[in-house]
Amino acid sequence: SFEGRVEVYHDGKWGTICDDQWDDRDAEVVCRQLGLSGTPKALSWAHYGQGSGPILLDEVQCSGNELSLDQCKKSDWGQQNCDHIEDAGVSCDPFTGTDLQLCQSDVVGRTPYYGAGSAEGTVRLAGGHSPSEGRVEVYYNGDWGTVCDDGWTDLGAQVVCRQLGFR
């Protein structure tokens, strides 16, 4: 799973984090610490349910560049003024922020094209030197269009490669 309530282990016990000051920069650090590369999103008010046991951290304020929560500005361990209804959560979902976005552009007439068909959502590669490279184009509403690179990641490229029959 790529999302859930954030729990930390300290001094021999697991506990939750209060959502005071909790934002996407904190979520970015959690996702990085977990080795997940999706678009980080902070969630508050026990979005993933209330935890039990101690609330171990409060007032977490990361810059977003830290490697772990321990490097972020925060309250002392165990110092908090919260209830579990304020348990912090994160989503590191690799599918958020990577949707293919059609740009407003005319059909590009360059060949060769790799990929077949003209069904809605069909992808092809255009202008590459081999069948496994090129500009990604998508068939939509009767026309071929290019794909904006905003939010484009290796995951999007992997999906296109699989759609075209590559590994």
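Sequence order as written defines residue numbering, which begins from 1 separately in each chain. Under the rules for a predicted model, residues below a pLDDT of 70 receive no local features and side-chain atom pairs below 80 are neither given nor counted, while totals for whole chains, interfaces and linings still include all residues. Computation of side-chain values: all heavy atoms of the structure, hydrogens and water removed.

- Within an unreviewed UniProt entry, the label attached to the chain reads NETR protein, and the organism entered is Neopipo cinnamomea.
- UniProt positions are given in the numbering used here, feature names are shortened, and annotations may be inferred rather than shown by experiment. The UniProt entry for the chain carries the following text under Subcellular location (unreviewed entry): "Membrane".

## A few points about the overall build of the chain
1) Next: Helix and strand content of the chain: 2 helices and 10 strands.
2) Next: Three labels apply to residues, based on accessible area from a 1.4 Å probe with only protein chains included: buried if under 20% of the type maximum, exposed if over 50%, partly exposed otherwise in between. Within the chain, buried positions represent 35% of all 167 residues.
3) Next: We call two residues in contact when some of their heavy atoms are within 4.5 Å. Taking as baseline every contact in the chain between residues at least 6 positions apart, the subset at least 24 positions apart corresponds to 64%.
4) Next: The accessible surface values rely on the Shrake-Rupley method and a 1.4 Å probe; as for residues, cover is taken only from the protein chains in view. Surface accessibility of the chain: about 9800 Å² in total, with carbon and sulfur atoms responsible for 47%. Strands are runs of DSSP state E lasting at least two residues, helices are runs of H or I lasting at least four, and both sets are numbered from the N terminus onward.

## Focus on the sheet that holds strand 3 (residues 13-17)
1) Next: Pairing is mixed in the open sheet, where 3 strands are placed in the order 2-3-5. Taken across any chain shown, the strands that pair with only one partner, and hence form the sheet edges, are strand 2 (7-10) and strand 5 (55-57). This sheet shows a mean twist of 55° between the axes of neighbouring strands, independent of strand direction.
2) Next: Pairing analysis gives 4 bridges linking strand 2 to strand 3, with the strands arranged antiparallel. In the strand pairing of strand 3, Glu7 is matched with Thr16. Should DSSP find at least two bridges between two strands, the strands are taken to pair. For helices, the axis comes from a line fit to the C-alpha atoms of the stretch in contact; other axes are also lines fit to C-alpha atoms, and the angle between any two N-to-C directions lies between 0 and 180 degrees.

## Some words on the packing of aromatic side chains
1) Next: A pair of Phe, Tyr and Trp rings is counted when the ring centres sit within 6.5 Å of each other, with Trp represented by its six-membered ring. The angle between the planes then sorts it: under 30 degrees is stacked, over 60 is edge-to-face, the rest tilted. On inspection of all chains with the given rule, the structure shows 2 aromatic pairs.
2) Next: Between Tyr9 and Trp14, the ring centres sit 5.2 Å apart and the planes meet at 55°, which makes this aromatic pair tilted.
3) Next: Judged by centre distance (5.2 Å) and plane angle (65°), the ring pair of Tyr139 and Trp144 falls under edge-to-face. Across the pair, exposure class does not vary: Tyr139 and Trp144 are buried alike.
4) Next: For the cation-ring pair, Arg124 lies above Trp144, with the distance from its terminal atom to the ring centre recorded as 3.9 Å. For a Lys NZ or an Arg CZ to count as sitting over a ring, it must be within 6 Å of the ring centre and within 35 degrees of the ring normal.

## Looking at the state of the cysteines
1) Next: Cysteine sulfur pairs qualify as disulfides if the two atoms are within 2.5 Å. This model, assessed by the stated rule, comprises 3 disulfides.
2) Next: Between the sulfur of Cys18 and that of Cys82 lies a disulfide, 1.9 Å long from S to S. On the sign convention where negative means left-handed, the S-S torsion of about -80° between Cys18 and Cys82 marks this disulfide as left-handed. In this pair, Cys18 sits in the loop between strand 3 and helix 1 (24-33) while Cys82 sits in the loop between strand 5 and strand 6 (89-91), placing the two residues 64 residues apart along the sequence.

## Some details on helix 1
It helps to recall that an α-helix has 3.6 residues per turn; residues three or four apart then point in one direction.
1) Next: Asp26, Ala27, Val29, Val30 and Cys31 are the residues of helix 1 that are buried.
2) Next: Contacts from the buried residues of helix 1 go to strand 4 (41-43) and strand 6.
3) Next: Backbone geometry just downstream of helix 1 places Gly35 in the positive-phi region, at approximately 75°.

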